[in-house]
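Spelled out from the first residue to the last, the chains are:
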Amino acid sequence: MTTISPSDSQKARKKPGQNQFSRPQIGTLIMVAVVALSGAIVSAWFAGQGTISKIFSQVNQIQEQPPLWLEVPMVAGGYLVFPTVALFLIVLIVMRVSPQPRPWSRFMVVGILLALTVRYLLWRSLSTLNVSTPLNGVFSMGLFALELLMLTSSTIQLFLMLRVRDRRREADWLAMDVTEGRFTPTVDIFIPTYNEPSFILRRTVIGCQAIDYPAKTVYLLDDTRRPEVEAMAREMGCIYLTRPDNQHAKAGNLNHAIAQTQGELLVVFDADFVPTTNFLTRTVGFFQDLQVALVQTPQSFYNSDPIARNLGLENVLTPEEEVFYRQIQPIRDGAGSVICSGTSFVVRRSALEEAGGFVTDSLSEDYFTGIRLSAQGYRLIYLDEKLSAGLAAENISAHAVQRLRWARGTLQAFFIKANPLTIQGLNPLQRLAHLEGLLHWFTSISRVGFVFMPLAYSFLGVIPLRATAAELLYFFLPYYLVQVAVFSWLNYRSRSALLSDIYSLVLCFPLAVTVVQAMLNPFARGFKVTPKGTQSDRFSFNWNLAWPLLLLFVATAISLWVNFGICMIKGAWVSTVPPEVAQQVKGVGLGWIWSGYNLMMIGIALLILLDVPRPSPYEWFNLRRTVKIRVTQEGREQVFCGVTTMISEIGAEVALTQAGFPALVPLPSLEVQSSDLPASSFQERTPVILEILENGLLLPAEATQTGFDGEFPTVRLMFESVGLSQQRQLVEMLFCRPGQWKNRYTPGELQSLWILFRILLRPKVLFDRNAGVSAMSVAQV
């Protein structure tokens, strides 16, 4: 057995000085300073006196007389779109030649985007601010500040894209040392749990025990001290650990387990995450480098997230985390600032103990533990390979709980010693990457501002953006169109720009409130576990999340009507009114477009907040396996051959290759499980034996319904009395096959726009109610 000496690890790393910072109230000071400064500016401006008023007067002069190089060329309108067309064609050609970003193509596209961003920012700051009146000035400067926040975050991200790392080839040759036995350190696998149902824990334990690696020990860390979980652990042959209290939540649970174990490497899986059998083979080899402290892998999901499910787009939308793991984490790896995501990672025990264990003074113990390891001079790396899968949040409320906890936990960085902006030991590039991650949560405030801004056009007569149509064509259109064109390409087609905007809009209000609360009172709320294994039999609307969107929907609809009315009469009288009024009418045209877009997005966001029924907590998979069904009736056995069309831990649907299966009473839908209907719905159930030929697995079952899939007869089977050995084979077949979790690709921008229109015209709750009654959530594997 190969061992990893703590002393060798300490020699290999750097030894920066220890962090001397106390817990500063930086965030509170920032928020107070911003509010105070804003109040002082507005007060001084409205008072019409003092230095502030003079400064804004000078700003107005600059805006009215911008530099000559910001003047639109005196050419015909058609020529103004030439930069847009030229750059658009260039990026299209690059994406055609290089369907996936490569170093040269990424450098070219990112270079174009950075240049356009700088050009757009200069134009916005020197030519478009309307500070002619106090009211216009407040909204104009406010809009620019919100844009600047978004631009800062996206520009940092673009810069970091120039250093993307892909370690899959490196993992190929490092894995040979593990499989050939040259490097096999001992591994402890931790499964922390808090109130998750036993059937979820069973599949996770089975998956961990099925990992193809001999020197491993599986521990179930139960923070609810349940006797039934202890009995299950004993039955399954894993070690059960608990503690007398729940201090420090998940971080405390993990730290308690570290003190009770001895493995050289530690692996953490959340209670719902099931690894593939090659998880350790692909990750352990990296620890031959004594500077490597942690290897993070992506989170994949075997169910649809609630946004996709509620919109009826389960096979269209990818989970929100896909963008993070396909685009952000490789960028972070290139900057040496990989984020520890709390599950599906391997960490070196000696490095973790030297860093003081898992951080306990934040809700995001994983994130700050990674920061402390980096500050100690260790390396965190990211292997972009899906080696496990878990449950996405199962309803929109759970989705919100999870995101709000992440936001609050991350922003606690400003108040703890592990602040990545101040902790000693990080280099400037690492701090820049972490700054982008912190700024990301503040962009929710910008998103809220953007949905409110068009209302100022309608109800206050405000013109926050001073620009002619020619200027928009020359400066704004190239920036916007090229950015939208390459958005999906840069994130490896994990999300289109339009669909990304939907995800950001749904929770923008609670996120913005959480950001402000976290900066003013960061530790007001404790750790709240995301509920898993839930089920419901009816539609439910989340009024708590919906009420601000409902109010905004009504206000935006009214503003759209007002703007539309003004646009209708614009041509009749715009030439006879004063210039300032004409400018207002032109601004209303832009407000009409903006309001229309917001109205469509808010309408879709409200549909997302209507949770569809989820009568069963089990997932069904589109998995093809050759099977035989043995039916015994009146002492005579019949054998029917077929192929599974869907399969789960509790049953299977089989397309038969021959007719003659004993008839059953048909059900209204092939997507209704027999266990959810009264016994009177059936004739006498038919007992059968299902044999899955590829696995040699025999499962006792009952045929509960028959039907047709095209020309093939089908039969639905529900398993009965599945033993532990049979359940192991089922779980390994459904969840643990190496390479089974594939990347899915999102639709392009035009297709996404069509999908959004189709959702508005045909909402699932009105036209597809039977889909919500289905007990099956079918996963693509």
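About the criteria used
- Residues numbered from 1 in each chain as written.
- Predicted model: local features only at pLDDT ≥ 70, side-chain atom pairs only at ≥ 80, totals over all residues.
- Heavy atoms only, no water.
- Helix = DSSP H or I, 4+ residues; strand = E, 2+ residues; numbered from the N terminus.
- Buried < 20%, exposed > 50% of the residue type's maximum accessible area, 1.4 Å probe, protein only.
- Contact = heavy atoms within 4.5 Å.
- Areas by Shrake-Rupley, 256 points an atom, 1.4 Å probe, with all protein chains shown as cover.
- pLDDT = per-residue confidence, 0-100.
- Pairing = 2+ DSSP bridges.
- Phe/Tyr/Trp six-rings, centres within 6.5 Å; stacked < 30°, edge-to-face > 60°.
- Lys NZ or Arg CZ within 6 Å of the ring centre and 35° of its normal.
- Patch = residues over 30% accessible without salt bridge, like charges linked within 9 Å, V, L, I, M, F, W, Y side chains within 5 Å.
- Salt bridge = Lys/Arg side-chain N within 4 Å of Asp/Glu carboxyl O.

### A word on the overall build of the protein chain
- Scanning the protein chain for helices and strands turns up 27 helices and 20 strands.
- Going through the 781 residues of the protein chain one by one, you find that 54% of them count as buried.
- For the protein chain, contacts bridging at least 24 residues in sequence account for 79% of all contacts bridging at least 6.
- Accessible surface, the protein chain: about 33,100 Å² in total, of which carbon and sulfur atoms supply 61%.

### Describing the confidence of the model for the protein chain
- Averaged over all residues, the pLDDT of the protein chain equals 85, while 84% of them reach at least 70.
- Segment residues 1-27 is flagged for pLDDT under 50; beyond a separation of four residues in sequence, or across chains, it makes 59 contacts in the model.
- Scored below 50 in pLDDT, residues 771-777 makes 26 contacts in the model with residues more than four places away or belonging to other chains.

### Quick notes on the sheet that holds strand β10 (residues 388-390)
- Pairing is mixed across the open sheet formed by three strands, whose spatial order is β5-β10-β7. Edge positions in the sheet fall to β5 (274-275) and β7 (300-301), since each of these pairs with one other strand and no more.
- Sheet topology places β5 next to β10; two bridges connect them, and they run antiparallel. When the sheet's bridge partners are listed, Pro275 is paired in β10 with Ser388.

### Side note on unusual backbone geometry
- Of note, Arg225 is a non-glycine position whose phi angle comes to about 50°, a positive value.
- Of note, Arg225 is situated in the loop between β2 (216-222) and α10 (227-236).
- Despite not being glycine, Ser721 shows a phi value in the positive range, around 50°.
- Residue classification places Ser721 among the exposed positions, given a relative accessible area of 71%.

### Points about the packing of aromatic side chains
- Here the structure, examined in full by the defined rule, presents 23 aromatic pairs.
- When the centroid spacing of 5.8 Å and the interplanar angle of 55° are considered together, the rings of Tyr120 and Trp123 count as tilted. Within this pair, Tyr120 and its partner Trp123 are both found in helix α6 (residues 103-127), separated by three residues, close to a single helical turn.
- For Tyr120, a relative accessible area of 5% corresponds to the buried category.
- A ring pair is formed by Phe415 and Phe523, whose centres lie 6.5 Å apart and whose planes are at 75°; its orientation type is edge-to-face. Of this pair, Phe415 sits in the loop between α17 (396-411) and α18 (428-459) while Phe523 sits in the loop between α21 (508-520) and β11 (540-541), and the two are 108 residues apart along the sequence.
- Taken together, the ring pairs in this structure connect Tyr120, Trp123, Tyr474, Phe475, Phe476, Tyr479 and Tyr480 into an aromatic cluster.
- A cation over an aromatic ring shows up here: Arg493 above the ring of Tyr745, its NZ or CZ 4.4 Å from the ring centre.

### Notes on the environment of Ala335
- Here Ala335 lies in the loop between α14 (321-334) and β8 (345-348).
- Along the sequence, Ala335 and Pro428 sit 93 residues apart, while their C-alpha atoms lie 9.6 Å from each other.
- Once residues within four sequence positions are removed from consideration, Ala335 is found in contact with Leu160, Arg163, Leu429, Gln430 and Ala433.

### Quick notes on a nonpolar patch on the surface
- Judged by side-chain polarity, Ile90, Ile93, Val97, Trp104 and Met108 come together as a nonpolar surface patch covering roughly 460 Å² of accessible area.
- Those elements giving two or more residues to the nonpolar patch turn out to be α5 (82-97) and α6.
- For Val97, the location among the structural elements is in helix α5.

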